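Breakdown of the fold
Residues per chain are reported as follows:
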Amino acid sequence: MALERTFSIIKPDATKRNLTGAIAAKFEEAGLRIVASKRIQLTLAQAQAFYGVHKDRPFFGELTEFMISEPIVVQVLEGENAIAKNREVMGATNPAEAAEGTIRKEYALSIGENSVHGSDAPETAAEEIAFFFSGLELVG
Ligand code: UDP
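Residues numbered from 1 in each chain as written. Predicted model: local features only at pLDDT ≥ 70, side-chain atom pairs only at ≥ 80, totals over all residues. Heavy atoms only, no water.

Pairing between strand E1 (residues 3-10) and strand E3 (residues 72-80): eight bridges, direction antiparallel. Paired with Ile10 across the two strands is Val73, which belongs to E3. Across three bridges, the pairing between E1 and strand E4 (residues 116-118) is antiparallel. Across the sheet, the residue bridging to Ile10 is Val116, located in E4. (Pairing = 2+ DSSP bridges. Helix = DSSP H or I, 4+ residues; strand = E, 2+ residues; numbered from the N terminus.)

Within this numbering scheme, the UniProt entry marks His117 as carrying the feature "active site" (unreviewed entry). For His117, the position within the fold is in strand E4. Judged by its relative accessible area of 11%, His117 is buried. Among residues more than four places away in sequence, those in contact with His117 are Phe7, Ser8, Ile9, Lys11, Phe50, Tyr51, Met90 and Glu128. (UniProt positions renumbered as here; feature names shortened; annotations may be inferred. Buried < 20%, exposed > 50% of the residue type's maximum accessible area, 1.4 Å probe, protein only. Contact = heavy atoms within 4.5 Å.)

Per the counting criterion, the structure on display carries five salt bridges. Across the pair Lys38 and Glu137 runs a salt bridge whose closest N-O atoms are separated by 3.2 Å. Of this pair, Lys38 sits in strand E2 (residues 33-40) while Glu137 sits in the segment after helix H7 (122-132), placing them 99 residues apart in sequence. The partly exposed category is assigned to Lys38, whose relative accessible area is 24%. Note on Glu137: relative accessible area 33%, which makes it partly exposed. One salt bridge in this structure joins Lys105 and Glu100, with 3.8 Å as the shortest N-O distance. (Salt bridge = Lys/Arg side-chain N within 4 Å of Asp/Glu carboxyl O.)

Next up, the structure:
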């Protein structure tokens, strides 16, 4: 099976609590290779563009303000079935529903401040990687 790439964000609630390394370790333990990684501070316009698909949802304002509240760490993860594997390691959106051992079960504070983002399909993974990284930054 071919290697797949997915896009990940370690969100502000996690960077603020110094959980970047603990979360990266979860990815690596699951067999995902971190092929690109950088710590950045989003502008409101960038957060709104990234979460554009949610612009009509009631939580859009809160979500975008949260995403600019602290720096984030954006990463590209590579591995067999990377998209599904990452979603499994992340756990359910709502930490109250997340399985034992998942990142959100262990670290998320709420359904909004839930520590990580991960792409949900090959098309969104490609778009999200291109939003944050140039080809030169991806070192497989
Ligand atoms: N979110 C929220 N309230 C909700 C649902 C989602 O604040 O009721 C936020 C949460 O941070 C979530 C993000 O919006 O991670 C994107 O939602 P999605 O349904 O795509 O969940 P995900 O793919 O991140 O599990």
